[in-house]
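# What the coordinates show
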Amino acid sequence: MLRLRTGKLLLAVAIAVVLTAGTPLAHAQEGVSYYLGNTIRIESRDRVYATAYIHPLGISWSDWRQKYFDPNPDSYYNGLLNRLVYMLNLRRLAIAGYGVDDNQQIVYVTVLFALSDSGYYDSNLDCLSILDVFKNAGAGFFDKLEVRSNLRIYQVEPAATRRDSYSAVWENPSYGAAPLWYRIYLSPVMTVRIGVSGLPAGYRVSVYAGDRKLGDLASGEARDFLFKEGSYTLTVTPSVVEVGAGVRYRARSTSVTVSSSGSVTFEYVKQVQVSFQASPGFERVRVDGSWYSTPTQLWLDAGTHELYAEPSVSKQVSGDERVAYRFSRWVVGGSSYGSNPVILQLGDPVAVSAEYVQRREYRVVVRTRYAAPVDGWFGAGDALRVSEPSERVEGDVKYVFTGWYLGGSLYSRSSELSLTVSGPLYLESRWEKWFKVVVACKPPAACRGEELWLREGSLLDPSSLAAESVVYSGDARYVLQGWSSGPVTVSSPLTLYKVYKVQYRVRVEPGEGRAWVEEGEWVDEGSVATVRVESTRLGFPVQTVLDGFRVEGGSILEQSASEGWARVRVTGPTTVHVLWRRDYTPLYTLAVAAVAVAAGSVLLVARRRLQAAETAAVEREAKAKPAPAVAPEAAATQPSEEARVISPDELESELEKLAREAEEHREFLERLETLRAEGRISESTYEELRGERLGMLEALEARVRELESIRRAAAVRSSTAQPTTKDN
């Protein structure tokens, strides 16, 4: 809103002329104030329309036109044009329109320009800035700014009264609420906060984004910068700030790339100049792990650092002699330090040197077999001790220490070498080689092995060693046959054998009579022994008869019970058992003969009596009535001879006995089937036992049928023998 009080509205530029400076002034119009509005329409970055307009307040539109506008309209148009030029800092424009709108009661001017024609357009940010020229002059403020765009609006500053992706409207109710600048961002932006730290007070550095300078910053200062979304390399300059003699500040990193909103701090660190001075022996220095030749000057960050000097430095005099420098101490400014490496806290420029002690050294080489070898440089007067074992066994070889030798001469026989260095020295330990000789037996059970150690090249005659001619071990013995080797020169580990023949004791258990081994008690392993008995039959009428031989520990190759001998393969301690059996045949022969005579007489009498009784009964029955038909079973089965002599009671007893035996056989067959079903016997065993039992059962059943036939025949005879009762 602009309130005009005094003066006259000046025409700053003519139509279509570029204006570059100044702020429009207003006519003195008592009691008149104006509503100041602006409209910007962005069709593209190359085609933008901006309209500035005014609307009088506190007076009627017709009165205002008649009294103020109509007499001099160009002054108002020029004022509006001036406003557009200065609020947009236009370098080039075209008048797109101007005039009076009685309906809206406004006077307006419209210009056409490209965004690049505005001095307030930032192409890096794709941002158009608009200055409120009235507030900038302290003469009023924009009542309204309205922006419409065909391009998307990504961000505005300050916050708008109304806002969407393609428009923004600011309506300001007062001077205090109105902003000085309005900004419209037509591309995505990001905010990066950039700061500087570490510099002393009073120093500033410049910050760039690519080639574009963003500004100057002091230490501890940070500012927000807007960037169109993308990737930018931010740099700071200068990278080193000199602040005094031997003191400077260096940027830890001079550039950083950003691609999103965030913060970046360029940190400077204080550095001090350290001068390393050369001295005899102090030719190199290692600072924080890196080596440098002296003399040198280094810029080091203020703080803790590790310095390291070579412990020794040598200058060769000859092949076996040299001058050596040994580190002694550090000299840092006015202080000294004996540790190496040393940790120092540096905060100011300083000079550093190292002191070394000089001495003469000699090459000492001691070749060893088991002790740690020596090959190094030793100072005159240094004590040196080396110790070898007196002997050491390596598997089947033993090394025996013989002395320390200097070239071909013996230096010392003691395995403990102790010397004081006075010049170059080359020594070596020398050893004799001894070999293990194992004395064993074939077979091993003949003796316990023993070990001997013999020096390389010595002569060994086995016959000079002790050996038992016969070694007993229970029922086995070993008979010495000789040695596996004759005299031998020892040049490597070896094994000698006492060769023995193995013999086993063969015993005979005769049982009855007398038996013996033809070859004797001790028999060579693997040979055949013959066992004989004195007689194959003993006693009468019950005779003891040779039944064969059984062997424990060997095996029978062949035997003859009738001839009374067996041949046995001897593979270990052997016992041969002579087996006998009892022969009752002579006794049975005598007994059967006697029984046969007596039984023949009794049987003959019984048969005759039975035949006579049967004949009489048949004759009586034939006279009494016709003979009955013979039962089929009786006709089919004729009574045996036994039926004529067995009694009825004996017959029944025999049948009961046979029935019990048959039942036992059937129960056995049932159990056999169960065992087969459970898999507890093999198929072959099952078949063998079943066939045997079935045969026995069949024989029993045949015997039962025979006895039942006899019983039926006896019943028939009994019925025909009953007397016939007649009526008198």
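Conventions we followed
- Residues numbered from 1 in each chain as written.
- Predicted model: local features only at pLDDT ≥ 70, side-chain atom pairs only at ≥ 80, totals over all residues.
- Heavy atoms only, no water.
- Helix = DSSP H or I, 4+ residues; strand = E, 2+ residues; numbered from the N terminus.
- Buried < 20%, exposed > 50% of the residue type's maximum accessible area, 1.4 Å probe, protein only.
- Contact = heavy atoms within 4.5 Å.
- Areas by Shrake-Rupley, 256 points an atom, 1.4 Å probe, with all protein chains shown as cover.
- Core = buried A, V, L, I, M, F, W, Y, C linked by side-chain atoms within 4.5 Å.
- pLDDT = per-residue confidence, 0-100.
- Polar contact = N/O pair within 3.5 Å; in protein donor to acceptor, adjacent residues only side chain to side chain.
- Salt bridge = Lys/Arg side-chain N within 4 Å of Asp/Glu carboxyl O.
- Expected span 1.5 Å × (residues − 1).
- Disulfide = S-S within 2.5 Å.

## As for the overall build of the chain
Helix and strand counts for the chain stand at 7 helices and 49 strands. Classification of the 728 residues of the chain by burial places 37% in the buried group. Once local pairs closer than 6 in sequence are excluded, the contacts in the chain between residues at least 24 apart make up 60%. Entry remark: accessible area of the chain is about 39700 Å², with carbon and sulfur atoms responsible for 48%.

## Here we look at the nonpolar core
Grouped together as the largest cluster of nonpolar side chains are 45 residues, with contacts concentrated most on I40, W64, L88 and V111. The element that contributes the greatest number of residues to this core is helix α2 (residues 73-88), accounting for 9 residues. Among all residues touching I40, those that are not within four sequence positions of it are V48, Y49, A50, L88, I130, L145, E146, V147 and R148.

## A look at the confidence of the model for the chain
Summarising the model, the chain shows a mean pLDDT of 85, and 86% of its residues fall at 70 or more. Ignoring residues within four places in sequence, the model shows residues 613-619, a span with pLDDT below 50, making 3 contacts including any to other chains. Counting interchain partners and residues more than four positions distant, the pLDDT-below-50 stretch residues 621-644 has 17 contacts.

## Focus on the side chain of H577
Topologically, H577 is positioned in strand β49 (residues 565-583). Judged by its relative accessible area of 17%, H577 is buried. Here E552 takes part through its side chain, which lies 3.3 Å from a polar atom of the side chain of H577. Not counting the four nearest positions on each side in its chain, H577 is found in contact with E509, G548, F549, R550 and E552.

## A look at the pattern of salt bridges
Using the criterion set out here, one finds 46 salt bridges in the structure. With its nearest N and O atoms 2.8 Å apart, the salt bridge here joins R329 to E355. Here E355 lies in strand β30 (residues 350-367) and R329 lies in strand β27 (residues 321-332), a separation of 26 residues in the sequence. With a closest N to O distance of 3.3 Å, D382 and R359 form a salt bridge. A residue pair is termed long-range when its members are at least 10 positions apart, and D382 in the loop between β31 (374-379) and β32 (383-387) and R359 in strand β30 qualify at 23 residues. For D382, a relative accessible area of 22% gives the class partly exposed. For R359, a relative accessible area of 28% gives the class partly exposed. Salt bridges linked by common partners bring K144, E146, R148, R162 and E171 together as one network.

## Structural notes on helix α6 (residues 648-677)
With 30 residues, α6 ought to run about 44 Å at 1.5 Å a step, and its terminal C-alpha atoms sit 44 Å apart, in line with that. If you check which residues of α6 are buried, you get L651, L655, L658, A662, H665, F668, L669 and L672. Directly after α6, the chain includes G679, whose backbone phi takes a positive value near 75°.

## A few points about the state of the cysteines
Applying the stated criterion to the full structure yields 1 disulfide. The disulfide partner of C441 is C447, and the S-S distance across this bridge is 1.7 Å. Across the disulfide from C441 to C447, rotation about the S-S bond amounts to roughly 110°, and the bridge is consequently right-handed. Residue classification places C447 among the partly exposed residues on the basis of a relative accessible area of 23%.

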